Amino acid sequence: MIRKFAVNRWSVFASFTVAFFLSQFFRSANAVIAPTLAREMLFSAADLGLMTSLFFATFAITQFPLGIALDRWGARWVTAGLMIVAVVGSLVFAFGASFVTLALGRALLGIGMAGILMGGLKAFSQWFPQDRFASVAGLLTGVGSLGALVATTPLAWLNDQIGWRAVFIGGALLIALSAIFILFGTRNSPEDAPPTSIKRTENNLPAILSSMDFWRIAAPVAWLGGMVAAFRGLWAGPYLFDIYYLSEIETGNLLLLMGIGSTAGSILMGWLTDRVGAARVVITCSLILIACQLILASQPPLLIVAPVYLLFGLGGSFGVALLSQARNIFPAHMTGQAFSMVNMMGFVGVFLLQWWIGEIVALFPATVVGRSMPQAYSVVLVSTAAVSLLTLLCYLPLIRSRQRAEQKAFSAATP
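Since we're looking at a predicted model, the values are computed, not measured.

Engineer: Requested: an account of helix α8 (residues 133-144), with residues and values cited.
Structural biologist: Helical periodicity: at 3.6 residues per turn, an α-helix aligns residues three or four positions apart in one direction. Along its 12 residues, α8 runs 16 Å from first to last C-alpha, staying within 8% of the 16 Å computed at 1.5 Å per residue. Burial analysis of α8 places nine of its 12 residues in the buried class, the great majority of the element. Of the positions making up α8, those classed as buried are F133, A134, V136, A137, G138, L140, T141, G142 and G144. Contact partners of the buried residues in α8: α2 (9-28), α7 (116-127), α9 (146-150), α14 (248-276), α17 (319-329) and α18 (335-363).

Engineer: An account of a nonpolar patch on the surface is requested, with residue identities and associated values reported.
Structural biologist: Taken together, the side chains of L173, L174, L177, I180 and F184 make up a nonpolar region of the molecular surface, amounting to roughly 520 Å² of accessible area. Among the secondary structure elements, I180 is positioned in helix α11 (residues 164-185).

Engineer: Can you explain the packing of aromatic side chains? Please cite residues and give values.
Structural biologist: Per the stated rule, a full pass over the model turns up 19 aromatic pairs. Their ring planes at 25° and their centres at 5.8 Å tell us that F13 and F124 sit as a pair that is stacked. Separated by 111 residues along the polypeptide, F13 in helix α2 and F124 in helix α7 bring together distant segments of the chain. Classification of F13 by relative accessible area gives buried; the value is 11%. Between F93 and W164 the ring centres are 5.5 Å apart and the planes differ by 70°, which places this aromatic pair in the edge-to-face class.

Engineer: Describe α7, with residues and values.
Structural biologist: The terminal C-alpha atoms of α7, which comprises 12 residues, lie 16 Å apart, in line with the 16 Å expected from a rise of 1.5 Å per residue. Across the 12 residues that make up α7, a large majority, 11, are buried.

Engineer: Residue-level account of unusual backbone geometry, with values.
Structural biologist: A positive phi angle is found at Y245, which is not glycine, with a value near 55°. As for its position among the elements, Y245 is in the loop between α13 (212-244) and α14. Located in the positive-phi region is Q299, a residue other than glycine, with phi close to 50°.

Engineer: Give a description of the environment of L353 that names residues and reports values.
Structural biologist: Here L353 lies in helix α18. The class of L353 is buried, set by a relative accessible area of 4%. For the pair L353 and A291, spaced 62 residues apart in the sequence, the C-alpha separation amounts to 18 Å. Setting aside its immediate chain neighbours within four residues, L353 contacts A222, W223, G226, M227, A230 and T384.

About the thresholds
As a convention, each chain's residues are numbered from 1 in the sequence order in which they are written. Residues qualify for local features only when their pLDDT is at least 70, as the model is predicted, and side-chain atom pairs are given and counted only at 80 or more; totals for whole chains, interfaces and linings, by contrast, use all residues. Only hydrogens and water are removed before side-chain values are computed, so all heavy atoms of the structure are retained for them. The helix count covers DSSP runs of H or I at least four residues long, the strand count covers runs of E at least two residues long, and both are numbered beginning at the N terminus. An expected span of 1.5 Å times one less than the residue number is assigned to each helix. Partly exposed describes any residue whose relative accessible area lies between the buried limit of under 20% and the exposed limit of over 50%, with all areas from a 1.4 Å probe on protein chains only and scaled to the type maximum. Whether two residues touch is decided by their heavy atoms; if any such pair falls within 4.5 Å, the residues are in contact. Here a patch means residues that are over 30% exposed by relative accessible area and free of salt bridges, tied together within 9 Å if like-charged and within 5 Å if nonpolar (Val, Leu, Ile, Met, Phe, Trp, Tyr). Using the Shrake-Rupley algorithm and a 1.4 Å probe, accessible areas are obtained, with residue cover drawn only from the displayed protein chains. A pairing counts as a salt bridge when a side-chain nitrogen of Lys or Arg comes within 4 Å of a carboxyl oxygen of Asp or Glu. For Phe, Tyr and Trp, rings pair up if their centres lie within 6.5 Å, where Trp contributes its six-membered ring, and each pair is then called stacked (planes under 30 degrees apart), edge-to-face (over 60) or tilted (otherwise).

Put into structure tokens, the structure is as follows:
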């Protein structure tokens, strides 16, 4: 009876938000500790890019079975079970003594964190009404994004005081506690929710992947969302270190601004999506991101970089709008798989971009040991801005196709 009384929509919200906080922390941590890793482990830019990106590669691969598992067994056990893998990954990373062991730790962290956001959204689709879904999802990503804020100046301070290895050991304990919180603070759905047929949750991927609407959503998620995560999760730090010669604490302070923009943007974009529509949010955020990439490519004075980092975080918060569109396009028994496939495309983008940026930067000769040539970042950012514009153009036909579908449904319902 105690458990039944304790579990409600807000305990479900709190459980997944705490877990998402940790996911955001580990996703972004390498941006601050990258210079330390480069010095201690003698990693090149390409090494850092590949090792860090493995989190996103394994995260993306896990989305294939994750969606089916969430639709069949629900978010509670699936998410908590995967988080045990993240505990192991954090410990492997903490005790890693080579590129291989650190890469393995990042890969295991990616698998373990893969079910948190999608599990939360799957649970919210059962616990909250449809007209509040985007707002609640935005609140989840906004509050959870505070984890990325902790992975800025606070992490830089902790790295200086106790070292990154101790941070990851403590992180393993927090992940384990969060998994327990999900087990005892959530249920897959309210008791009065209609049961979902297991038969209907086994093989919906072909229908999802054959939908052109899915691919129009997936394009901005993969490239624009991937660029935001790749830059914020790693390259925003080296950009400041190599061009402006900032210290780790100073770099953390500017990354903190990006995190503040992301936190505020996630809450704001969810609220706006429920009120002005997802399309307006996606288009506006895309244009902001393109402008930010071009400004940073020009290597402006540091005084300008600060507000651009804030806007970069704000503009990168459009994901909740696209997930809201995915929920509206696909039926309830397919939401776990639809969310996971959209999310997978985002992490494929992050993996490739984080790695490719490192390879491009490594093509330019270093100015001094440990510092890449500033021109490398200009080449990267102009290129990503150009593809970002193409991605936006690929998305735009979705607006017209959804308008036609809504008009068709209205005509069919009208006598």
